[in-house]
Amino acid sequence: MIIRADNVKKSFGRVEALKGISLLINKGDIFGLVGPDGAGKTTFIRTVLGLYEADSGQLELLGEKTPEKVKSKIGYVPQLFSLYQDMTVWENLSLFGSLYEISGELFTARANELLAMTWMDAFKDRLAGNLSGGMKQKLALAAGLLHRPDLLILDEPTTGVDPVSRREFWQLLYRLNKEGLTLVVSTPYMDEVELCHRLAFFHQGEIRAVGSPAELLSQYPYKLFALSADGLRTLLPRFKYLPAKEFYLYGEEMHIALGKEEELALVKDYLAKAGIAGYSLSPIQPTLEDLFSVLSAKEGGGA
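Caption draft 1: Broad picture of the sheet that holds strand E13 (residues 280-283). Read from one edge to the other, the open sheet built from 4 strands follows the order E11-E12-E10-E13, with strand pairing classed as antiparallel. Two strands close off the open sheet at either side, each with one partner strand: strand E11 (246-250) and E13. Taken over all neighbouring pairs, the strand axes of this sheet differ in orientation by 25° on average, direction set aside. The pairing of strand E10 (residues 223-228) with E13 spans 4 bridges and is antiparallel. When the bridges of E13 are listed, Leu-227 appears paired with Leu-281. Helix-sheet contacts for helix H9 (residues 288-297) involve E10, E11 and strand E12 (253-258), and the interaxial angle to E11 is about 135°.

Now the structure itself:
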């Protein structure tokens with residue numbers, strides 16, 4: 001077991017950021033933490049790392065209850081680029097090498113290996129402040145791997161990064177995982193969520209669901225339909241009292257969730273009375289985004 005959390009709570013004043021989080025993360029996982037802003041993901045990560053002290057509950061990290069004892073086995077890539085903008089790529093890595101007490105030929109070999117792996121070897125003399133967003137995150141990843149950790153924790157590492165760089169970054173993560181590294185990744189992107197082995201969905205300081213993407217999708221409780229119509233967005237006021245469990249825009253379509261397929265006749269009757277014609281309505285398979293919409297709508301939890 002890499003991470004074990006048992007009823008972990010953390011508050012900031014009156015705000016309950018974590019409301020009794022219990023979670024197990026296994027060795028070899030690519031484990032995703034997903035949820036809206038303010039859901040508690042970053043607070044959980046910082047509590048695991050020992051940057052915050054839990055108010056109550058138990059945490060074990062790599063078999064230890066004190067993160068300080070295993071900090072040399074953990075790598076961390078924060079959401080915001082935290083390296084020195086006025087230092088070169090190589091100078092930033094050298095600084096981290098000294099912090100990890102890696103020097104001489106060993107540092108040079110590891111740094112060159114990581115720069116080659118992240119396709120950054122041609123930029124080692126460039127100032128970090130002159131790197132693109134994707135290159136900055138690759139540098140942060142290289143710095144987090146310099147001491148060869150057993151666990152790498154990444155807090156929304158690709159936020160604001162272009163799609164090509166995001167894909168390259170995840171190729172690196174998959175390569176590292178195949179080599180035996182356990183990864184815990186917080187992400188707001190649904191395409192990245194689907195790349196994780198297991199997930200925990202956070203909402204308002206609670207975990208609403210845990211499992212593999214397939215296991216979570218099997219929990220979707222409704223029959224889902226996609227509605228397409230010309231000028232759909234301009235018709236939104238007419239949907240106010242649509243007889244459905246949920247309905248929301250999804251790209252250029254509207255997803256309509258029903259308790260059972262027989263309710264479809266009520267929806268069609270409502271659309272006719274609302275003067276909505278020339279539409280198409282067809283059954284579809286839910287996505288993780290559809291499931292998370294349902295989980296977010298559940299009552300309970302605080303700010």
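Caption draft 2: Quick peek at the pattern of salt bridges. Summed over the entire model, instances satisfying the criterion amount to 11 salt bridges. Here Glu-68 makes a salt bridge to Lys-71, at a shortest N to O gap of 2.9 Å. The residues Glu-68 and Lys-71 share a single accessibility class, namely exposed. The salt bridge partner of Glu-113 is Arg-148, with a shortest N-O separation of 3.0 Å.

Caption draft 3: Inspection of the side chain of Thr-88 at higher detail. Position of Thr-88 relative to the elements: it lies in the loop between strand E5 (74-77) and helix H2 (89-99). By relative accessible area, which is 13% here, Thr-88 ends up buried. Excluding residues within four positions of it along the chain, Thr-88 makes contact with Lys-124, Asp-125, Arg-126, Leu-127 and Ala-128.

Caption draft 4: How the structure looks around the sheet that holds strand E2 (residues 15-25). What the 3 strands build is an open sheet, ordered E2-E1-E4; its pairing is antiparallel. Because the sheet does not close on itself, it has two edges, and the strands there are E2 and strand E4 (56-61). On average, adjacent strands in this sheet sit at an angle of 25° to one another, irrespective of strand direction. Summarising the sheet, strand E1 (residues 3-12) and E4 pair through 5 bridges and their orientation is antiparallel.

Caption draft 5: Structural view of the packing of helix H4 (residues 133-145) against helix H5 (residues 163-178). One way to put it is that H4 packs onto H5 with a least axis distance of 9 Å and a crossing angle of 15°. Considering their axes alone, H4 and H5 lie roughly parallel with respect to each other. Classified by chirality, the crossing of H5 by H4 is right-handed. Here Gly-134, Gln-137, Lys-138, Leu-141 and Leu-145 of H4 lie close against H5, whose contacting residues are Ser-165, Glu-168, Phe-169, Leu-172, Leu-173 and Leu-176. When the residues that make up the contact of H4 with H5 are grouped by side-chain class, the tally is 6 nonpolar, 3 polar and 2 charged.

Caption draft 6: Here's a closer look at the environment of Gly-211. Turning to its location among the elements, Gly-211 is positioned in strand E9 (residues 206-211). For Gly-211, a relative accessible area of 3% gives the class buried. In sequence terms Gly-211 and Arg-167 are 44 residues apart; their C-alpha atoms lie 23 Å from each other. Discounting chain neighbours no more than four positions away, the residues touching Gly-211 are Arg-198, Leu-199 and Leu-216.

Caption draft 7: A look at the side chain of Asp-29. Positionally, Asp-29 belongs in the loop between E2 and strand E3 (30-34). A distance of 3.3 Å separates the side chain of Asp-29 from the backbone nitrogen of Asn-26, its partner in a polar contact.

Caption draft 8: Quick look at the packing of aromatic side chains. Under the criterion given, the structure shown has 6 aromatic pairs. Here the aromatic rings of Phe-44 and Phe-202 are separated by 5.7 Å at their centres, their planes lie at 50°, and the arrangement is tilted. Here Phe-202 lies in strand E8 (residues 198-203) and Phe-44 lies in helix H1 (residues 41-48), a separation of 158 residues in the sequence. What makes Phe-202 buried here is its relative accessible area of 0%. Between Phe-201 and Phe-292, the ring centres sit 4.5 Å apart and the planes meet at 5°, which makes this aromatic pair stacked. Pair noted here: Phe-201 is in strand E8 and Phe-292 is in helix H9, with a separation of 91 residues, a long-range link. The class of Phe-201 is buried, set by a relative accessible area of 2%.

Cut-offs applied
Residues numbered from 1 in each chain as written. Predicted model: local features only at pLDDT ≥ 70, side-chain atom pairs only at ≥ 80, totals over all residues. Heavy atoms only, no water. Pairing = 2+ DSSP bridges. Helix = DSSP H or I, 4+ residues; strand = E, 2+ residues; numbered from the N terminus. Axes fitted to C-alpha atoms, helices over the stretch in contact; angles between N-to-C directions. Contact = heavy atoms within 4.5 Å. Salt bridge = Lys/Arg side-chain N within 4 Å of Asp/Glu carboxyl O. Buried < 20%, exposed > 50% of the residue type's maximum accessible area, 1.4 Å probe, protein only. Parallel < 35°, antiparallel > 145°, perpendicular 65-115°, else oblique. Left-handed = near helix turned anticlockwise from the far one by under 90°. Nonpolar A, V, L, I, M, F, W, Y, C, P; charged D, E, K, R; others polar. Polar contact = N/O pair within 3.5 Å; in protein donor to acceptor, adjacent residues only side chain to side chain. Phe/Tyr/Trp six-rings, centres within 6.5 Å; stacked < 30°, edge-to-face > 60°.

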